Amino acid sequence: MLDFFNKFLRPAQPSGATAKERLRLVLLSDHLSLAPDVVEALKADLLGVISRYVEIDRAHADVTFEQRAGELAMLASVPITGVRRVPYEAAPPPPPAPASPDPVRPPAPRAPAAVVSERVPASEPQALELPMASEPTAAVKASNAARRRRRRRKANAAAKRNAQQQGAVQQMNTTAQA
Amino acid sequence: MSGRRIVITSGKGGVGKTTTTVNVGAALAKRGKRVVLVDADIGLRNLDLVLGVEKRIVFDIVEVIEGRCQLRQALIRDKRFESLHMLPAAQTREKESISEEQMKAVIVELAESADFVLIDCPAGIEHGFRSAVAGATEAIVVTTPEVSAIRDADRVVGKLNAERIPLRVIVNRVRPEMVKSGEMMSVEDVCEILSAELLGIVPDDEEVIDTTNRGEPIVLDESKRLATIYDKIARRLGGDVVAFTNLEAPGLIGRLKTLWKAG
Amino acid sequence: MMEAFEEASQASVPVRPLGRAIVVTSGKGGVGKTTTTANVGTALAARGARVVLVDADVGLRNLDIVLGLESRVKFHLLDVLEEKATLDEALVRDKRSETLFLLAAAQTREKEDVDTAAMVALVETLRARFDYVLIDCPAGIEMGFKNAVAGAQHAIVVCTPEVSSVRDADRVVGLLPTDWRPELIVNRLRPQLVKKGKMLSVDDVNAILRLPLLGVIADEPNVIVATNRGEPLALDATSVTGAAYRTIAAKIAGEKLPAPDVRPPSTGIIGKLGSLFGKRG
């Protein structure tokens, strides 16, 4: 009898469930912005994979995270400049890091990708959109588990990037000598 | 063999760190363990008030570190529990007056002659948090089933994970009737979000306000519901496997109702 | 983003007297600073005042959650201080009120990252555009506290009727500039417990703190529900707590009002009905 009345008097979702849902989202975004350099590493890896299949304009590529109704989405805006006939085996070395990397912030409004090859028969803006959290609970668990992995990887990634930058410097030095 | 060094932390203030420290410490002491409680909240000390020893403070942790007294001179022995001691924080100093290394040295020294050193961490994640954590090898994260407390706890769990400090969670101030009606997150929800192991569930109980007013740990009175709960936490901390109290077990009225229905 | 920019621009008026910057502080954490800031701000805005709420709890922000605006925060306080975003980009307009804005704290930075002088300048800028700048202070008395207090001219001290909260509030009052006259909000009062003598009364608390009493808020489980949902109670016409926040806002706005009623509500169905229908704000 009481339940009957409760159903009428209470809003559809009890606030405890609302709280859990809100926390899930906010923590996902807290964790993502926890380590901007991790997002930077993710971006580098992602562009590496994409560039195995298509030619891209790395300088104008951007990866951001956005909260939309009910889920957190990863948005990758990658200007495509051409299609590779044969996929590369390995990703080409990433370009030097942008002047002020702040990947957590959304991109400044920019004109659509300037260089679009005529080989790509698409009039739509060339952007890839990868939804991140289709299943909520799993996403949180994954994110929590990933957090620990990320921390470990963070150190490795930083070391790797240093090595790469040093590599690039060495390359430049070699070119200068030549 | 040196004792265990456990920091009690939360991120958010006012979720019950000090009450937890005092009661878990007292419950351990009651079981014959040698326990030292350390108030790491320099400038806003309260462990002395909750334990009811505020009038007996002579020296504090900063004076120990600055070499103005011996460590054992600053320790206050509890009059109710033989093996319970307390090292007070300084009230009129800044948290920055203790470095992480200095704090660690004191904690390690205390652990040499104790089974448990429980460090009551200040709120926040500033300098005071870092030095409180510096001396610990384990952590208890206290949280309540509220959005902001969990968000802050998550931040602290992240920081402890980064330091590779193992942790367990105490969910404090649970109101079973609100959980049941869906207006409060359940303990399972909290643990899932924090992806952390559970150490204890403590119901919201107004007795805590009363006993704090009087400076008496609630575990002194064995007839109190929370005394049993803190004792269970102490046993789990010691490594025992103890079943969690079912807060939703029907009370007298509930049982009468069931009887009525059955009849 | 562009939407927030336009709305924020509309909120600015070139020439006006400077608004009041009020820091909401307590020393002890978890006594209700953020809930107070959100509700008093909401109630002030509901009176038509232009209000900005500044979350000064860098690293442990929660004001966005209590207001239910967490999904709209794109930039934060440190972005503005470090000129990575403009103030207009960082101000988030409330869902429910045209004149209420939030400036969120950075979640992944440290309190030590905030430059005190820049913080003071920012509050000054905000005062030029808003009638009230409410600053939600972090717990403790470390760097975060100092930065939160730096730009303000006035303080509201939130305290619960518990020994440790009163002690910390006393400590904080001692750290505020000596020429301030901080006002007190006693939060989470349980009149029934006071009656039984198990909780300090408002008089007990203020016998120690000796501050002008701005308001008394009863302990109500609805506050947890409101936070779960991200909907401040100040807008709830049926809530006694909401009414109490509206009274506080009226006092801040300068209305002369009688001292808050701190008697325990009479028990029994008649008493309950009486307090439901009685005018409390």
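The structure presented is a predicted model; accordingly, all values stated were derived computationally and were not measured.

Conventions adopted
- Residues numbered from 1 in each chain as written.
- Chains lettered and ligands numbered in written order.
- Predicted model: local features only at pLDDT ≥ 70, side-chain atom pairs only at ≥ 80, totals over all residues.
- Heavy atoms only, no water.
- Helix = DSSP H or I, 4+ residues; strand = E, 2+ residues; numbered from the N terminus.
- Buried < 20%, exposed > 50% of the residue type's maximum accessible area, 1.4 Å probe, protein only.
- Contact = heavy atoms within 4.5 Å.
- Areas by Shrake-Rupley, 256 points an atom, 1.4 Å probe, with all protein chains shown as cover.
- Pairing = 2+ DSSP bridges.
- Axes fitted to C-alpha atoms, helices over the stretch in contact; angles between N-to-C directions.
- Parallel < 35°, antiparallel > 145°, perpendicular 65-115°, else oblique.
- Left-handed = near helix turned anticlockwise from the far one by under 90°.
- pLDDT = per-residue confidence, 0-100.
- Salt bridge = Lys/Arg side-chain N within 4 Å of Asp/Glu carboxyl O.
- Phe/Tyr/Trp six-rings, centres within 6.5 Å; stacked < 30°, edge-to-face > 60°.
- Lys NZ or Arg CZ within 6 Å of the ring centre and 35° of its normal.
- Nonpolar A, V, L, I, M, F, W, Y, C, P; charged D, E, K, R; others polar.
- Buried area = accessible area lost by both parts, 1.4 Å probe.
- Polar contact = N/O pair within 3.5 Å; in protein donor to acceptor, adjacent residues only side chain to side chain.
- Core = buried A, V, L, I, M, F, W, Y, C linked by side-chain atoms within 4.5 Å.

Time to look at the overall build of chain C. Helix and strand content of chain C: 13 helices and eight strands. In chain C, which comprises 281 residues, the share counted as buried stands at 58%. Across chain C, contacts joining residues at least 24 apart in sequence account for 77% of those joining residues at least 6 apart. On chain C, roughly 11,200 Å² of surface is accessible, and the fraction owed to carbon and sulfur atoms is 54%.

This part covers the sheet that holds strand β3 (residues 76-77) of chain B. Residue and element names in this part refer to chain B. Here eight strands make up an open sheet; going across it, the order is β3-β4-β2-β5-β1-β6-β7-β8 and the pairing mixed. At either margin of the open sheet sits one strand with a lone partner, and together these are β3 and β8 (197-203). Relative to strand β4 (residues 84-87), strand β2 (residues 35-39) runs parallel, the two being bridged by four bridges. Counted as the bridge partner of Val 35 is Leu 84 from β4.

Further remarks concern the packing of helix α7 (residues 147-162) of chain B against helix α9 (residues 187-194) of chain B. Residue and element names in this part refer to chain B. Two elements in contact, α7 and α9, have axes whose closest approach is 10 Å; the angle formed by their N-to-C orientations is 40°. Accordingly, the angle class assigned to the pair α7 and α9 is oblique. Here α7 runs over α9; the crossing is right-handed. Of α9, the residues touching α7 (which contributes Ile 150, Ala 153, Asp 154 and Val 157) are Val 190, Ile 193 and Leu 194.

We now examine unusual backbone geometry. For Arg173(B), which is not a glycine, the phi torsion comes out positive at approximately 55°. Locating Arg173(B) in the fold gives a position in strand β7 (residues 167-174). Look at Glu83(C): it is not a glycine, yet its phi comes out positive at around 60°. Summarising the element assignment, Glu83(C) is placed in the loop between α4 (77-81) and α5 (87-90).

Turning next to the confidence of the model for chain C. All names here are of chain C. On average, residues of chain C score 88 in pLDDT, and 86% of them are at 70 or above. The low-confidence segment residues 266-281, where pLDDT is below 50, has 10 contacts with residues more than four positions distant or belonging to other chains. Note on the complex model: pTM 0.75, ipTM 0.89.

Throughout the structure, instances matching the rule amount to 43 salt bridges over all chains. Asp189(B) serves as the salt-bridge partner of Lys20(A), at 3.1 Å between the closest nitrogen and oxygen. Taken as a pair, Lys20(A) in helix α2 (residues 15-34) and Asp189(B) in helix α9 lie in two separate chains rather than in one. What makes Lys20(A) partly exposed here is its relative accessible area of 23%. Through salt bridges with shared partners, one network takes in Arg175(B), Asp204(B), Glu206(B), Arg190(C), Lys196(C) and Asp219(C).

It is worth spelling out the pairing of strand β1 (residues 20-25) of chain C at this point. Residue and element names in this part refer to chain C. Across the six residues that make up β1, a large majority, five, are buried. Bridging between β1 and strand β5 (residues 132-136) involves five bridges; their strand directions are parallel. Within β5, the position partnered with Ile 22 by the bridge is Leu 134. Judged from the four bridges that link them, β1 and strand β6 (residues 154-159) form a sheet pairing that is parallel. Within β6, the residue paired with Val 23 across the bridge is Ala 155.

Moving on: the packing of aromatic side chains. Counted according to the given criterion, the structure contains one aromatic pair over all chains. A ring pair is formed by Phe101(C) and Phe130(C), whose centres lie 5.7 Å apart and whose planes are at 65°; its orientation type is edge-to-face. A residue pair is termed long-range when its members are at least 10 positions apart, and Phe101(C) in strand β4 (residues 100-103) and Phe130(C) in the loop between α6 (116-129) and β5 qualify at 29 residues. With respect to burial, Phe101(C) and Phe130(C) carry one shared label: buried. A cation sits over an aromatic face here: Arg236(B) above Phe244(B), 4.0 Å from the ring centre.

Let us look at the packing of helix α1 (residues 17-30) of chain B against helix α11 (residues 225-237) of chain B. Residues and elements named next belong to chain B. Packing of α1 against α11 leaves a shortest axis separation of 8 Å and a crossing angle of 70°. By the angle class used here, α1 and α11 are roughly perpendicular. Contacts from Thr 19, Thr 20, Asn 23, Val 24, Ala 27 and Leu 28 of α1 reach α11 at Tyr 230, Asp 231, Ile 233, Ala 234 and Leu 237. Each residue belonging to the contact of α1 with α11 can be placed in one class, and the counts come to seven nonpolar, three polar and one charged.

What follows is about the interface of chain B and chain C. Facing the 41 residues of chain B at the interface are 41 residues of chain C. Carbon and sulfur atoms make up 48% of the area that chain B and chain C hide from each other, which totals about 3,700 Å². If you sort the residues of chain B by the area they bury against chain C, Leu44(B), Glu126(B) and Arg151(B) come out on top, with a joint share of 20%. Elements with a minimum of two residues in the side of chain B that touches chain C: α2 (47-51), α6 (127-134), α7 and α10 (207-214) of chain B. Ranked by residue count, the leading element in the side of chain B that touches chain C is α7(B), at six residues. Tallied by class, residues from the side of chain B that touches chain C come to eight nonpolar, 13 polar and 20 charged.

The next subject is the environment of Leu47(A). All names here are of chain A. Along the chain, Leu 47 falls in helix α3 (residues 36-50). The sequence separation of Leu 47 and Ala 76 amounts to 29 residues, and the corresponding C-alpha distance is 9.2 Å. Each residue touching Leu 47, except ones within four places of it in the same chain, is listed here: Ile 56, Arg 58, Ala 61 and Val 78.

Right, let's get into the side chain of Asp204(B). Here Asp204(B) is to be found in the loop between β8 and α10. Among the polar contacts listed, one links the side chain of Asp204(B) to the side chain of Arg175(B), at a separation of 3.3 Å. If near-sequence neighbours (up to four positions away) are discounted, Asp204(B) is found in contact with Arg173(B), Val174(B), Arg175(B), Arg225(B) and Arg190(C).

Now for helix α7 (residues 143-150) of chain C. Along α7(C), the positions that sit buried rather than exposed are Gly144(C), Phe145(C), Asn147(C), Ala148(C) and Val149(C). Looking at the buried side of α7(C), the elements it contacts are β1, α6, β5 and α8 (163-175) of chain C.

All names here are of chain C. The eight strands lie next to each other as β3-β4-β2-β5-β1-β6-β7-β8, forming an open sheet whose pairing is mixed. Strands at the two margins of the open sheet, each flanked by one partner only, are β3 (92-93) and β8 (213-218). Helix-sheet contacts for helix α2 (residues 33-46) involve β1, β2 (51-55), β4, β5, β6 and β7 (183-189), and the interaxial angle to β5 is about 165°. Where helix α10 (residues 202-209) meets the sheet, its contacts fall on β6, β7 and β8, and the angle it forms with β7 comes to roughly 145°.

The subject of this paragraph is the nonpolar core. With 101 residues, the main nonpolar core has Leu37(B), Val38(B), Ile61(B), Leu87(B), Leu118(B) and Ile119(B) as its most contacted residues. Looking at this core element by element, the count peaks at seven residues for α7(B). Setting aside residues no more than four positions away along its own chain, Ile61(B) makes contact with Val38(B), Ile42(B), Leu87(B), Pro88(B), Ala89(B), Ala90(B), Ile98(B), Met103(B) and Val106(B). By size, the runner-up hydrophobic cluster in this structure holds 54 residues, among which are Leu91(C), Ile135(C), Val149(C) and Leu211(C).

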